[in-house]
Amino acid sequence: MLQPDTCLQNRYRIECLIGQGGMGAVYRALDLRLNNPVALKHKHATGTATDAAFAREAQLLHALRHPVLPNVMDYFTDEAGQFLVMEFIPGDDLAMQLTHRDQPFAVAEVLRWADQLLDALDYLHTWQPPIIHRDIKPQNVKLTPRGDIVLLDFGLAKGGSGQPADVAGQSVPWYTPEYAPLEQIRGGSSSPRSDLYALAATLHHLLTGRPPEGALTRIAVLVARGPDPQRPAHALNSQVPTAVGDLLRQALALRPADRPASAAAMRQALQLAAGQRQTGATPAYTGVTVAATSTAPAHDLPVTQRKGTTMSYTRLEEIEFEDNPEPRCAVMLLLDTSTSMTGGPIKQLNIGLQMFDRDLKADRLAALRVEVGILTFGREVQVISGRDGRALPFDARQAFVTVDQLVPPTLVAGGATPLGEAVRWGLTLLQERKEIYKNNGIDYFRPWMFLITDGAPTDEWLGAAALVREEEERKGLSFYGIGVDRAHMQTLARFSTQRPPLKLRGLAFHELFQWLSRSLSTVSHSRPGEQIPLPPVGWAQFEG
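Just so you know, these numbers come straight off a predicted model, no measurement behind them.

### Comments concerning the sheet that holds strand β6 (residues 81-87)
Spatially, the 6 strands line up as an open sheet ordered β1-β2-β3-β4-β6-β5, and their pairing is antiparallel. Strands with a single pairing partner mark the edges of an open sheet, and in this sheet they are β1 (7-8) and β5 (72-78). Strand direction decides the pairing type here: β5 and β6, joined by 6 bridges, are antiparallel. Directly across from Asp 74, in β6, lies its bridge partner Val 85.

Here it is as structure tokens:
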């Protein structure tokens, strides 16, 4: 820790410590040349990677110009470490101000701050590549003496929860649980919508006087088939307009695809919800809450409606099952598309999908009964449409398609291996799909989860493995773990006590998917609940 009166670069004299954490500290200092106070960030951590990240942050922040963002004035390195010189913002942050109040902030005041912050996020997110803050929370928002809002801490290590500013798609290990979205907590890729979640959590706290439920708490309750414990802001503070509470709840969706499309869209929708625009205006983002058809984590899933469209998903399901009332056999394909799958593996995987589609379409009954969902995990976890290959929301109403309508996507490799997150979403979607069958009177076979991976997970996976084992014990699904090339077979073995993992021989994806199509065809010609033998496995060997 630097002591008061320490002078750096013969210019910056330390006055006091403002905050500190595992990676650094922030001091108030006096710029002796200009006789102005400054905030001086001192990085504790050392090493090539952190040095490069710190330098990148300095250059990045120096280029930013927005009234809600503090100015970066200097950057230097000496024997004491690396330092970033920033504009000093006096006063307490909003978290500190909340502790001094016995009630939430005024709604009009918070909505004004929200408008300013969303404008700043729109500015950051429209850089190429987008700049993601990743640590928006009341502690990182200050109010100037003029009543303006300032967003702090692009990488400030305050209270051990700061994190480096960076570009979209790169994960960082620090977060604050009450305000961090699920994808960040699980170590997945962050996106502009991650900031929208954190901002919504912050606004919820300012409007209600209490932080929202953490994403991990919510997902644990939802996986246990309980209702989402997150209550809307207007249910906790009657002064909050219902439309504002609904929009914040939308932005707090666990699935990034279910949040507003952008900061600009959320800003426009918030202005409309707050009555700041004429009632005839059309918001950029609209959502309606569908009557629940599931007790799984698809709580209050949004449905974006086209102008003039009034048909709900419930009615679309009715039409779907009226046209095809056959019993359903759902199979969720969890496909590794990480960088290590580049080249031959991803090429053969795509060929295998084509063969799988062709073989099942040749069986007219199987084509009507087998429903395929595709989740890929690489740069991020995505639901891939079986109709046109585009990314979809995490919604079981859209994620599955019968084989007669299937158009195999062409997958591209890249990114890490967030296997644990993919498995969790796969379980969620299968559970939702089963509830949809029940609600529509459709009989169904035990669903399949078919996981193909060529490496070790890069995120937390033990919890996901435990959930799969529990679901297997309840006879809720049949799990198959397939390892390719250098896959970590000991990890795959932890996902099932009933079926050991299989190691693919070479790149025999053609034979693998041929076996899968024959197996599903055999199942689809039986009756739900009937025990049937599957074809022998000649394309793999058992490993555990």
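### Examining the nonpolar core
Residues Leu 375, Val 423 and Phe 495 are the most contacted members of the largest nonpolar core, which totals 96 residues. Counting residues per element, this core draws most heavily on helix α3 (residues 107-125), which supplies 10 residues. The residues touching Phe 495, leaving out its near neighbours within four places in the chain, are Leu 419, Val 423, Trp 461, Ala 464, Ala 465, Val 468, Arg 469, Glu 472 and Phe 479. Listed in part, the 40 residues of the second largest apolar core include Leu 335, Leu 353, Tyr 480 and Leu 512.

### What to know about the pattern of salt bridges
A complete count under the given rule lists 22 salt bridges for this structure. Notably, a salt bridge pairs Asp 258 with Arg 255, separated by 3.9 Å at the nearest N-O pair. Across the pair Glu 432 and Arg 255 runs a salt bridge whose closest N-O atoms are separated by 2.5 Å. Taken as a pair, Glu 432 in helix α14 (residues 419-439) and Arg 255 in the loop between α8 (242-251) and α9 (263-273) lie far apart in primary sequence, 177 residues in all. Accessibility expressed as a relative area gives 1% for Glu 432, which makes it buried. Connected through salt bridges with shared partners, the residues Arg 225, Lys 434, Glu 471 and Arg 474 form a single ionic network.

Criteria and thresholds
Residues numbered from 1 in each chain as written. Predicted model: local features only at pLDDT ≥ 70, side-chain atom pairs only at ≥ 80, totals over all residues. Heavy atoms only, no water. Pairing = 2+ DSSP bridges. Helix = DSSP H or I, 4+ residues; strand = E, 2+ residues; numbered from the N terminus. Core = buried A, V, L, I, M, F, W, Y, C linked by side-chain atoms within 4.5 Å. Buried < 20%, exposed > 50% of the residue type's maximum accessible area, 1.4 Å probe, protein only. Contact = heavy atoms within 4.5 Å. Salt bridge = Lys/Arg side-chain N within 4 Å of Asp/Glu carboxyl O.

All we've got here are geometric facts, nothing functional implied.
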